[in-house]
Amino acid sequence: MGQIRTEFYLNGINNVPALETDGEMTDTVVIVLHGSDVSKEINQPDMQRLEEAGFWSICIDAPHHGERNDGYMDIAARCNPKEQYLMMMSVVHQEAAEVAELIKYFKWLGKKVVVLGISMGAYAVFATLMLCKEADLYASFMGNPDFRFKESPTPSMLETSGPADNIEKIFPASLFMVNAGRDEFVNPEGARSLYERLKPCYANCPEKLQYFEYPESGHMMRAEDWFDAWDRLIARIREMSK
């Protein structure tokens, strides 16, 4: 069926543009979050893959992206690396507040909810988890739960707001994390370390915590790794949807 354009009222903002599956909403809903400097349209193939697997999905334009582009990211691109990173993380936190509202809306409708993010969208998944644990699955592709800029000696409150600095707030949320071993933009050590630190917490329900790392892939993953990760995710969603 494909996707249709729609709008939502989120976090006090009218007319947040989105794409949603053109069809009846399924019992499990997947919220898809795109990466930096792109728009919701980039994830149409992923939404199509989800539809073919039997799941209804929605993807919103992140703040300052796509139809919401206001030049903010252009300003960020002219800043030094740390300033650029913190401006991106500001977008991440704005989007997390919007996604938390979407989760509550779909839960109110009686749906199971998956939040799936890729690259910057994966950071937004982790930020959403810190705000709202009502989703049934939080899935990150190429994200880092450690929000610190490299080895910042004096991290800001924003940099210490991620799961790596607030591990006690995570359990019993269901996590599915994918990273690339040769990622040139996102250090996989953050997710790898979080997984190891969380394993004791999930000892009685290990199926709720999954981490997959593809050692030969960079940020733009090899096709065979990308499709393998997607197969694993869809299997996880199917199992969760039973």
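Up top is the structure.
Residues numbered from 1 in each chain as written. Predicted model: local features only at pLDDT ≥ 70, side-chain atom pairs only at ≥ 80, totals over all residues. Heavy atoms only, no water.

(A) Structural view of the nonpolar core. Core analysis: the biggest nonpolar cluster contains 53 residues, and Ile31, Ile103, Phe106, Val115, Tyr138 and Ile170 have the highest contact counts within it. The element contributing the most residues to this core is helix H3 (residues 81–108), with twelve residues. Not counting the four nearest positions on each side in its chain, Tyr138 is found in contact with Ile103, Val115, Val125, Thr128, Leu129, Cys132, Lys133, Ala173, Ser174, Leu175 and Phe176. Judged by nonpolar contacts, the second largest core, of 28 residues, contains Cys59, Phe176, Trp226 and Leu233. (Core = buried A, V, L, I, M, F, W, Y, C linked by side-chain atoms within 4.5 Å. Buried < 20%, exposed > 50% of the residue type's maximum accessible area, 1.4 Å probe, protein only. Helix = DSSP H or I, 4+ residues; strand = E, 2+ residues; numbered from the N terminus. Contact = heavy atoms within 4.5 Å.)

(B) H3, seen in detail. Counted at 1.5 Å a residue, the expected span for H3 with its 28 residues is 40 Å, and the 41 Å between its end C-alpha atoms agrees. Of the residues that open H3, the one with a side-chain oxygen 3.1 Å from the backbone nitrogen of Lys82 is Asn80. Just downstream of H3 lies Gly110, where phi reads positive at about 85°. (Expected span 1.5 Å × (residues − 1). Polar contact = N/O pair within 3.5 Å; in protein donor to acceptor, adjacent residues only side chain to side chain.)

(C) Focus on the packing of aromatic side chains. A complete count under the given rule lists 13 aromatic pairs for this structure. Between Phe141 and Trp226 the ring centres are 5.5 Å apart and the planes differ by 70°, which places this aromatic pair in the edge-to-face class. A residue pair is termed long-range when its members are at least 10 positions apart, and Phe141 in strand E6 (residues 137–141) and Trp226 in helix H6 (residues 223–241) qualify at 85 residues. Across the ring face of Trp230, the terminal group of Arg49 is positioned such that the distance to the ring centre comes to 4.9 Å. (Phe/Tyr/Trp six-rings, centres within 6.5 Å; stacked < 30°, edge-to-face > 60°. Lys NZ or Arg CZ within 6 Å of the ring centre and 35° of its normal.)

(D) Summary view of the environment of Phe55. Tracing the chain through its elements places Phe55 in the loop between helix H1 (44–52) and strand E4 (56–60). Along the sequence, Phe55 and Ile234 sit 179 residues apart, while their C-alpha atoms lie 9.4 Å from each other. Contact partners of Phe55, with chain neighbours within four places excluded, come to Thr21, Thr26, Thr28, Val30, Leu50, Ile237, Arg238 and Ser241.

(E) Summary view of the sheet that holds strand E7 (residues 175–180). Taken in spatial order, the eight strands line up as E1-E2-E4-E3-E5-E6-E7-E8 in an open sheet, and their pairing is mixed. This sheet does not close on itself; its edge strands, each paired only once, are strand E1 (3–10) and strand E8 (209–214). Going from strand to strand, the sheet's axes swing by 20° on average, the running direction of each strand aside. Here six bridges tie E7 to E8, and the two strands are oriented parallel to one another. Opposite Phe176, over in E8, you have Gln210 as the bridge partner. (Pairing = 2+ DSSP bridges. Axes fitted to C-alpha atoms, helices over the stretch in contact; angles between N-to-C directions.)

(F) Quick peek at the packing of H1 against H6. Two numbers describe how H1 lies on H6: the axes approach to 11 Å, and their chain directions differ by 45°. The angle between H1 and H6 places the two elements in the oblique class. In this structure, H1 crosses over H6, and the sense of that crossing is right-handed. On H6, the residues that touch Asp46, Arg49 and Leu50 of H1 are Trp226, Phe227, Trp230, Ile234 and Ile237. (Parallel < 35°, antiparallel > 145°, perpendicular 65-115°, else oblique. Left-handed = near helix turned anticlockwise from the far one by under 90°.)

(G) Seen up close, the layout of surface pockets. Taken as a whole, the largest pocket holds about 1200 Å³ of empty space. Lining the largest pocket are 36 residues, with Ser119, Tyr123, Phe185, Val186 and His219 positioned closest to its centre. Secondary-structure elements contributing two or more residues to the lining of the largest pocket are H1, helix H2 (72–77), H3, helix H4 (120–131) and helix H5 (189–198). The element that contributes the greatest number of residues to the lining of the largest pocket is H3, accounting for four residues. When grouped by side-chain class, the residues that make up the lining of the largest pocket number 19 nonpolar, ten polar and seven charged. (1 Å grid on protein atoms, 1.4 Å probe; cavity = no way out; pocket = protein on both sides within 12 Å on 5 of 7 lines; lining within 4 Å. Points joined across faces, edges and corners; volume = space filled by probe spheres on them. Nonpolar A, V, L, I, M, F, W, Y, C, P; charged D, E, K, R; others polar.)

(H) Molecular detail of unusual backbone geometry. In this structure, the amide linkage connecting Phe171 to the following residue, Pro172, adopts the cis form with an omega of 10°. As for its placement among the helices and strands, Pro172 is situated in the loop between E6 and E7. In the Ramachandran plot, Asp37 falls in the positive-phi region, its phi being about 65° despite a non-glycine side chain. You can see Asp37 is positioned in the loop between strand E3 (28–33) and H1.

That's the geometry; what it means functionally is another story.
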